[in-house]
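Each chain, written out:
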Amino acid sequence: MPIGVFGCERGDSAPVCAEPTRSDRFPHGVASADPTESSVRVWTRVESSAEREDVRVIVATDEGLCDVIAESSAPALARDDHTVHVELTGLAPSRTYYYAFELGPERSAIGRTRTTGAADRVRLGFTCCASLAHGWLHTYDALAAQELDAVVHLGDYVYEYENGRYGSLRGYEPAHATITLEDYRLRYGQYRREPPLQALHARHPTIVTWDDHEIANNAWRGGSIEHDEAIFGPYEARREAATRAHAEWIPRAGGAEGERFRRFSWGDLAELFVLDTRMERDPPPRDEVEAAAPGRSILGARQREWLFEGLRASTARWKVIASGVQVSPHAEFWNFDAWDGYADERRLLLELLEREGITGVIVVCGDGHKSFADDLARDPLDPAVYDRATGRGAVAVELMTPAASSPNLFGGEARDFEAWVRSASPHTHFVDAESRGYWTLELAEDRALATLSFVEGIERPTGGDERVAAVFEVRLERSGLVRVR
Ligand SMILES: [Fe+2]
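Residues numbered from 1 in each chain as written. Predicted model: local features only at pLDDT ≥ 70, side-chain atom pairs only at ≥ 80, totals over all residues.

**Digging into the overall build of the protein**
In step 1: The helix and strand inventory of the protein stands at 9 helices and 22 strands.
In step 2: A compact globule built from 485 residues would reach a C-alpha radius of gyration of about 23 Å, and the protein, at 22 Å, matches this within 12%.
In step 3: Per-residue burial over the protein gives 50% buried out of 485 residues.
In step 4: For the protein, long-range pairs separated by at least 24 residues make up 71% of all intrachain contacts whose partners lie at least 6 apart in sequence. (Helix = DSSP H or I, 4+ residues; strand = E, 2+ residues; numbered from the N terminus. Rg over C-alpha atoms; globule rule 2.2 N^0.38 Å. Buried ≥ 20, exposed ≤ 12 C-beta atoms within 10 Å, placed from the backbone. Contact = placed C-beta atoms within 7 Å.)

Below, the structure is given as structure tokens:
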């Protein structure tokens, strides 16, 4: 694992140019995020009791940090929980870089990152939903080992629960539900001491959006079904605390001031639209009539305009949309917490793709703790609109990323659910309600390959075996998924 391993300890003949020091001043590792053709944001945190310490960041083209191309310094401030964010600029497109932080003679782990840029192949990894109380984060180790341009995290990066509330294999810090800024900071700190999460961040640039558990279960901008103000105090204060800790611990372009919905591009090959489907949304609906009511929005007007205009104007072959929650409907089962609860806006999105002839759209979602591979069609249950065999009527496809560690159904219950989905949803090409794992997406000129991997042994510290569960192909000239394995 790259974490905690410094240049000199690799034991091979790679040149090492910096004094190697195993430091406990950087116990949360390093991270890089939100790459562009010329920039990337890098992150670390300093263990400190000072108001301010100045940290040096060095950037090199080689893993041994010999060929240093940039050095700068940045403050670790107590008011930011001693997190350090540095925007590296002036980088070359489609290049791999290495970076580390230094505090006097002490050195952090070495991170690897990569800029975007024109390419004939782009590989992205997708993950979400990491309940620490349900096991170990082997899924992140598996993703760290993949050759990827970036990893997209679709949210539920942390869970807010108290011990014993949701899973009991491991205890949380703090032991109670996260409410205050201090609580959320402690929770992120616990997660970021997990070696697999450090490995993931050190190995790939990440692009992170949030879902509900970064704040509270089924959160929206004005509340959460599990936030009782009589017990926890004003929701707004909790939301502010959660938002601030997230900005401190999860690097993203622009920092706390940066937009949460944002776009990344790899030349004319691919554009990635990362959505905030959580905190711009209208209140949850009470019933199916309200869920389908016109004008209800999961995106909010500003984000919807940005997305729709971006899709319309995009010249990229592939338009990947990272949505925290699932777009696809599934017969009579309505998930009010997903796009089902905002069905009119879903209709607008699918109609836009159809009307404007926008092709190459792949939605990847999280939140459900299941794996899905669906065709997205205006009305998938109407044979006049959609045909599963040919993909006619499909305007996009959607992949649901299984959880990194959070559970769903087990054994017979899972099989029953899967059988029901298969019988009720002609547009579902794959469903699994039990396994943990991840998707990777390889985007090439005329086709995209989506690979679903399952990771075993989440409940054991020594687990982590993986297997490929399914591979789908999407072709630019034909909408809809084709299973190739
Ligand atoms: Fe989740």
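Having seen the structure, we can now continue with the description.
**Quick word on the confidence of the model for the protein**
In step 1: With 95% of its residues at a pLDDT of 70 or more, the protein shows a mean pLDDT of 94.
In step 2: In the predicted structure, residues 1–14 sits below a pLDDT of 50 and forms 28 contacts with residues beyond four places in sequence or in another chain. (pLDDT = per-residue confidence, 0-100.)

**Considerations on the packing of helix 2 (residues 181–192) against helix 5 (residues 235–249)**
Describing two packed helices takes the angle between their axes plus the distance from one axis to the other.
In step 1: Relative to each other, helix 2 and helix 5 sit at 35 degrees, their axes nearing to 8 Å. As for how helix 2 packs across helix 5, the hand of that crossing is right-handed. Of helix 5, the residues touching helix 2 (which contributes Leu 181, Tyr 184, Arg 185, Tyr 188 and Arg 192) are Ala 241, Ala 242, Arg 244, Ala 245 and Trp 249.
In step 2: Grouping the amino acids of the contact of helix 2 with helix 5 by side-chain chemistry returns 7 nonpolar, no polar and 3 charged. (Axes fitted to C-alpha atoms, helices over the stretch in contact; angles between N-to-C directions. Left-handed = near helix turned anticlockwise from the far one by under 90°. Nonpolar A, V, L, I, M, F, W, Y, C, P; charged D, E, K, R; others polar.)

**As for the sheet that holds strand 21 (residues 466–475)**
In step 1: With mixed pairing, 10 strands are arranged side by side in an open sheet as 5-2-1-11-10-9-19-20-21-22. Bordering the open sheet on either side are strand 5 (83–88) and strand 22 (478–483), each of which pairs with just one other strand. For this sheet, the mean inter-axis angle between neighbouring strands, taken without regard to orientation, is 25 degrees.
In step 2: Sheet analysis places strand 21 next to strand 22, joined by 4 bridges and oriented antiparallel. Bridged to Phe 472 within strand 22 is Arg 483. (Pairing = 2+ DSSP bridges.)

**Describing the pairing of strand 18 (residues 428–432)**
In step 1: A large share of strand 18 lies buried, amounting to 5 of its 5 residues.
In step 2: Pairing between strand 16 (residues 371–377) and strand 18: 4 bridges, direction antiparallel. By the bridge assignment for strand 18, Phe 372 is matched with Val 431.

**Structural notes on the sheet that holds strand 16**
In step 1: One open sheet accounts for 7 strands, arranged 12-13-14-15-17-16-18; its pairing is mixed. In this open sheet, the two edge strands, each paired with only one partner strand, are strand 12 (262–266) and strand 18. Across this sheet, the average inter-strand angle for adjacent strands is 20 degrees, counted without regard to direction.
In step 2: As judged from the 5 bridges shared by strand 13 (residues 270–274) and strand 14 (residues 318–323), these two strands associate in the parallel manner. When the sheet's bridge partners are listed, Val 274 is paired in strand 14 with Ala 322.

**Digging into unusual backbone geometry**
In step 1: Here the amide bond leading from Glu 173 into Pro 174 is cis, since omega sits at -15 degrees, within 30 degrees of zero.
In step 2: Mapped onto the secondary structure, Pro 174 falls in the loop between strand 10 (150–153) and helix 2.
In step 3: Positive phi outside glycine occurs at Asn 218, with the angle close to 55 degrees.
In step 4: Relative to the helices and strands, Asn 218 is located in the loop between strand 11 (205–208) and helix 4 (229–232).
In step 5: For Asn 218, a count of 18 C-beta atoms within 10 Å translates into the label partly exposed.

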